[in-house]
Amino acid sequence: MYFQNFEQLLHMDGHGAFVWAAYAITVFVIIAILLAPGRRQRRFLTQLAGELKRQRVTDSNAGEN
Amino acid sequence: MWTFFHKLGSPPWLYGISGSILRWLLPLTLLALATGLVWGLLFTAPDFRQGNSYRIIYIHVPAAVVALAGYYVMALAGAINLIWKMKMADVAMRSAAPIGAALTFIALVTGAIWGKPTWGTWWVWDARITSMLILLFLYLGVIALYEAFDNKEAAGKACAVLSLVGMVNIPIIYKSVDWWYSLHQPASIKFTGESSIDPSMLYPLLLMIGAFYALFTCCLLMNMRAELLSREARTNWVRKLALSGGRD
Amino acid sequence: MSAPGPLAFCLRLLRRQLILAVRRPIEIGNPLLFFAMVVALFPLGLGPAPDQLASFAPGILWIIALLSNLLTSDAVFRSDFDDGSLEQLLLSPQPLYLSVLAYIAAHWLITGLLLALVSPLFALMLNLPAGAIGSLMASLLLGTAVLSLLGCIGAALTVGLKRGGMLISLLILPLYMPVLIFGSAAVKAAVIGAPAGPYLALLGAMLCLAIALAPLAIAAGLRISIDA
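All residue numbers here refer to positions counted from 1 along the written sequence of the relevant chain. To label them, take the chains in the order written and letter them from A, then take the ligands in the order written and number them from 1. Residues qualify for local features only when their pLDDT is at least 70, as the model is predicted, and side-chain atom pairs are given and counted only at 80 or more; totals for whole chains, interfaces and linings, by contrast, use all residues. Heavy atoms throughout the structure, all of them, feed into the side-chain values; hydrogens and water do not.

Q: Please clarify how the interface of chain C and chain B should be interpreted in this entry.
A: It is common to give the size of an interface as the accessible area that goes away when the parts come together. In this complex, chain C contributes 24 residues to the contact, which on the side of chain B involves 26 residues. Summing both sides of the interface, chain C and chain B together bury roughly 2,100 Å²; the carbon and sulfur share of this comes to 87%. The salt bridge definition used is simple: a Lys or Arg side-chain nitrogen within 4 Å of an Asp or Glu carboxyl oxygen. Summed over the shared surface of chain C and chain B, the result is zero salt bridges. Under the rule applied, a polar contact is a pair of N or O atoms within 3.5 Å (in protein, one hydrogen donor and one hydrogen acceptor; residues adjacent in sequence only if both atoms are side-chain atoms). Connecting chain C to chain B are zero residue pairs in polar contact (both at pLDDT 80 or more). Secondary structure follows DSSP: runs of H or I at least 4 residues long count as helices, runs of E at least 2 residues long count as strands, and numbering of each begins at the N terminus. Listing elements by their share of the side of chain C that touches chain B, those giving two or more residues are α7 (133–158), α8 (165–191) and α9 (197–227) of chain C. It is α8(C) that provides the largest number of residues to the side of chain C that touches chain B, a total of eleven residues. Any two residues whose heavy atoms approach within 4.5 Å at even a single point are treated as in contact. Summed over both partners, the accessible area (1.4 Å probe) lost when two parts come together is defined as the buried area.

Q: Would you explain the nonpolar core in this entry?
A: As a rule of thumb, nonpolar side chains are buried together in soluble globular proteins. Counting 173 residues, the largest nonpolar core has B:Leu145, B:Phe212, C:Leu61, C:Phe77, C:Leu128, C:Ile218 and C:Leu222 as its most contacted members. Not counting residues up to four positions away in its chain, the partners in contact with C:Leu61 are C:Phe35, C:Val39, C:Phe122, C:Ala123, C:Leu126, C:Leu128 and C:Leu136. We define a nonpolar core as any set of buried Ala, Val, Leu, Ile, Met, Phe, Trp, Tyr and Cys residues linked to one another through side-chain atoms lying within 4.5 Å. Three exposure classes are used, based on accessible area relative to the maximum for each residue type with a 1.4 Å probe and protein chains only: buried under 20%, partly exposed in between, and exposed over 50%.

Q: In this structure, what is going on with the interface of chain B and chain A? I would like to understand it.
A: Taken residue by residue, the interface counts 47 residues in chain B and 31 residues in chain A. Note on chain B versus chain A: buried area summed over both sides is about 3,500 Å², and carbon and sulfur give 77% of it. On the chain B side of the interface with chain A, the three residues burying the most area are B:Leu41, B:Leu42 and B:Asn52, jointly 16% of the side's total. The tally of links between chain B and chain A comes to one salt bridge. The partner of A:Arg40 in a salt bridge is B:Glu227, with the nearest N and O atoms 3.0 Å apart. Inspection of the chain B/chain A interface yields four residue pairs in polar contact (both at pLDDT 80 or more). Elements represented by at least two residues in the side of chain B that touches chain A include exactly α2 (11–43), α3 (57–84), α4 (87–119), α7 (199–231) and α8 (236–243) of chain B. Sort the elements by how many residues they give to the side of chain B that touches chain A and α7(B) lands first, with ten residues.

Q: Honestly, a nonpolar patch on the surface in this entry has me stumped. Any pointers?
A: Residues and elements named next belong to chain B. Patch membership requires more than 30% relative accessible area and the absence of a salt bridge. Residues of like charge join within 9 Å; the nonpolar side chains Val, Leu, Ile, Met, Phe, Trp and Tyr join within 5 Å. Here the Shrake-Rupley method, with its probe set to 1.4 Å, supplies the accessible areas, and only the displayed protein chains count as covering residues. On the surface, Val-38, Trp-39, Phe-43, Tyr-203 and Leu-206 cluster together into a nonpolar patch covering about 490 Å² of accessible area. Mapped by element, the contributors of at least two residues to the nonpolar patch are α2 and α7. If one sorts the elements of the nonpolar patch by residue count, α2 sits on top with three residues. Positionally, Leu-206 belongs in helix α7.

Q: How do you make sense of the confidence of the model for chain B when you look at a structure like this?
A: Detailed reading of the predicted model is not advised wherever pLDDT is low. All names here are of chain B. Along the chain, pLDDT gives the predictor's confidence residue by residue, from 0 to 100. Across chain B, the average pLDDT comes to 83, with 89% of residues at or above 70. Helix α1 (residues 2–8) is the least confidently modelled element of chain B, averaging 70 in pLDDT, while α3 averages 90, the highest of any element. Low pLDDT, under 50, characterises residues 187–191; the stretch is placed with eight contacts to residues that sit more than four places away or in other chains.

Q: Mind showing me how you'd approach the environment of B:Lys240 here?
A: Residues and elements named next belong to chain B. One can find Lys-240 in helix α8. Using a relative accessible area of 62% as the deciding quantity, one classes Lys-240 as exposed. Sequence separation between Lys-240 and Ile-21 is 219 residues, and the spatial gap between their C-alpha atoms is 22 Å.

In structure tokens form, the structure reads like this:
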């Protein structure tokens, strides 16, 4: 470990704000692009499942009549 | 050999195989990213000229490298779609564009933040920054063109043509911006030569470049899976998947 | 009547485009008027100091030429797409590469060439040194041809879309940038007395590359737009 203590790590000789901001933005964007496809897939699958269930219900209703 | 290509054209097979690839690639990517971040942030010595602000290199350079490579991946997929009419190539091209744009954005923002302590200003019309900005515009153009078409097959082909045109232009743009900058280069800004990078800084950088490539691959596969499902919504395997609650 | 050869067909197409343009002179006048008006905007925005304007003049003139080229390129295939004659052209047994070149040549003749011819007037209004006017015209002549070729790629890809106007600038402005760099560099070099030849040679090289490759992309784009 290069830094002696936590404060030094945060401060980084005056460059801390820049370094941490850059890393924070990067981590944020990476998390966003990692999560986006999963969310899209789940939303699509739940929507499709709902559609299919509704369709099945209407089909069975039509069969009874 | 040919059965491989036939399988590659089959959505359920691709969905399955990409799922089993992601199962080990995704944890590995996250591990490599975390290791690289911690290594770069905590365990490397500061640069003797730039101090600690140089630590941004561990995210800036990998993002820029992979963003450029991503454009070539996208254009190549577009070419495959145009020549062999492979639907999977279209899916890959469509999925690569937003990831590439996000990585270009990371490279630009971290570059700007790095510029403030190093050069004293957020934005410099430096050759590399300017060409990254143009790369972002190229990505956004492809995304905008795709969204503008109602017919998604035509959208894929149009974007393929556009990304191929962009691929031919990238070296020209890069070279001309480089030239332009050397004509106008203000004397106050000096660049530190990167020719002699110490191994203790090089290894975490190489790890991060590898991790970003893996990240690109993971995001590409996940985007492709989501895209595949929504394109194959009328088929039996997708319906089965939806009714089983999304477990494959 | 026998089918004309490819070259004769191209010339007929070129003649047709030019006649269509001449019949509506306002369409030819619009880019020039646009050029004049935007030239008037710059002194209003930057201040009328002659030496300051003169130092910005190469960039200003080139950016306006680029924008007026961009605005007109949207319409190159539009009317022929709407009335179906573009589809007939694609079905005809003529090489599309050459037919597309005829369209581009017509577009360049009625925008780029005219802009280059009237540019000395605006250059004088912006106090560009007289010695640089020759290289301004030469760079505009070469550069606007490249711009027309690139602009038609965007026009071909967006011709089938309802709202192509804004999109086309998103698509092709990044591709315009190298032309802007070398075009304005040629004029600037002439202003400070350096030879403009190398920059003009680079523009010429870009033109050669664009003539070789852009019609392929335009032809592909037109086929995609017609199929959609």
